[in-house]
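An overview of the molecular structure
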Amino acid sequence: MSAMTNVREFIESLPNESRFIGETAIKELRQNGISWEWLETALSIKSKEDWSKYGFGLLFTDTFRAQVQKKLSKQKSREVGSLWSEDEQPEKTASKVAFNDGGLREVHRGAETFLIKSRPATSKPIDKMTEAEFWAMVIEQRRQTELFCARCWPDTYGEEDEYLRQYEIEDHGMKDEEIARKYLQ
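Cut-offs and rules
Residues numbered from 1 in each chain as written. Predicted model: local features only at pLDDT ≥ 70, side-chain atom pairs only at ≥ 80, totals over all residues. Heavy atoms only, no water. Helix = DSSP H or I, 4+ residues; strand = E, 2+ residues; numbered from the N terminus. Contact = heavy atoms within 4.5 Å. Areas by Shrake-Rupley, 256 points an atom, 1.4 Å probe, with all protein chains shown as cover. Pairing = 2+ DSSP bridges. Core = buried A, V, L, I, M, F, W, Y, C linked by side-chain atoms within 4.5 Å. Buried < 20%, exposed > 50% of the residue type's maximum accessible area, 1.4 Å probe, protein only. Phe/Tyr/Trp six-rings, centres within 6.5 Å; stacked < 30°, edge-to-face > 60°. Salt bridge = Lys/Arg side-chain N within 4 Å of Asp/Glu carboxyl O. Patch = residues over 30% accessible without salt bridge, like charges linked within 9 Å, V, L, I, M, F, W, Y side chains within 5 Å.

From N to C terminus, the protein includes nine helices and three strands. Listing every helix and strand of the protein by position from the N terminus yields α-α-α-α-α-β-β-β-α-α-α-α. Taking the contacts inside the protein whose residues are at least 6 apart along the sequence as the reference set, 49% of them involve residues at least 24 apart. Surface accessibility of the protein: about 12800 Å² in total, with carbon and sulfur atoms responsible for 52%.

Here it is, written out as structure tokens:
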């Protein structure tokens, strides 16, 4: 059986109120990129009675997520070299980021290197930000969203490299205010 089927059967076997809460938690986690395999592993750590009694908030805590990830890693390490393992899919080119002294970050993707302006993140409320901090926040949020979408759905949003090329051109030819205003239109 697939991991999705196992998760669905687990949730459907819970009492009505717990089922609704479980479905809501699963939906939110899936929207945030959590895999069915991860969910199946997480649900197996506690008993059905515990999930019904205490709810699904545990799925959102960092310590529990680390526990699930550790269990998944152990499971995968046992599967390595197994006769009954699937052929691995080729991995996408990973990005490496390095910072240089000129306020730029070097993003290495395969053979290409992109020089993109490094903008410090601030945790201030918007009404306490300077204008420069606000523009930097707008740029970083937009770019992180675009890169995330390109990583998850390249057929719809295009490749990360295309966005990185665009950012490099913008950062070397436009002021932050111009870039942010363009993004806000």
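A separate point is the pairing of strand 2 (residues 104–109). Both strand 2 and strand 3 (residues 112–117) contribute to a ladder of six bridges, which runs antiparallel. Each bridged residue has a counterpart across the sheet, and for Arg105 the counterpart in strand 3 is Ile116. Remark: two residues form the turn of the hairpin made by strand 2 and strand 3, two consecutive strands paired antiparallel; Gly110 in that turn has positive phi of roughly 60°.

Ile11, Trp38, Leu39, Leu43, Trp51, Phe56 and Leu59 are the most contacted members of the largest nonpolar core, which has 18 residues in total. If you list the elements that add at least two residues to this core, you get helix 1 (3–12), helix 2 (16–31), helix 3 (36–45) and helix 5 (62–79). Among the elements that line this core, the one with the most residues is helix 3, at four residues. Excluding its chain neighbours within four sequence positions, the residues that come into contact with Phe56 are Ile11, Leu14, Ser18, Ile21, Gly22, Ala25, Leu43 and Trp51. Counting 16 residues, the second-largest nonpolar core is a separate cluster that includes Phe114, Ile139, Tyr163 and Tyr183.

If you walk through the whole model with that rule in mind, you get six aromatic pairs. On the numbers, 5.3 Å between centres and 15° between planes, the contact of Trp51 with Phe56 is stacked. Owing to a relative accessible area of 2%, Trp51 belongs among the buried residues under this scheme. On the basis of an interplanar angle of 85° and a centroid distance of 6.0 Å, the ring pair of Phe148 and Trp153 is categorised as edge-to-face.

The next subject is the pattern of salt bridges. Tallying each qualifying case throughout the model produces 12 salt bridges. Taking the shortest distance from any N to any O, the salt bridge between Arg119 and Asp171 comes out at 2.8 Å. With Arg119 in the loop between strand 3 and helix 6 (131–152) and Asp171 in helix 8 (residues 160–173), this pair connects stretches of sequence that are 52 residues apart. Just as Arg119 is buried, Asp171 falls in that class too. Residues Glu133 and Lys124 are paired through a salt bridge, measuring 3.1 Å at the closest nitrogen-oxygen approach. Given a relative accessible area of 23%, Glu133 falls into the partly exposed group. The exposure class assigned to Lys124 is partly exposed, which follows from its relative accessible area of 36%.

Moving on, we get to a nonpolar patch on the surface. Together, Phe148, Trp153 and Tyr157 make up a nonpolar patch on the protein surface, roughly 300 Å² of accessible area in all. Within the element layout of this structure, Phe148 appears in helix 6.

Turning to the environment of Met4, a few remarks are in order. Secondary-structure assignment places Met4 in helix 1. A residue is classified by how much of its surface remains accessible, and Met4, at 37% relative accessible area, is partly exposed.

Checked against the element boundaries, Trp38 lands in helix 3. Residue Trp38 is classed as buried on the basis of its relative accessible area of 5%. Each C-alpha atom of the pair Trp38 and Lys71 lies 9.4 Å from the other, and the pair is 33 residues apart in sequence. Once residues within four sequence positions are removed from consideration, Trp38 is found in contact with Leu59, Arg65, Val68, Gln69 and Leu72.

Any functional reading would require information that these geometric values do not contain.
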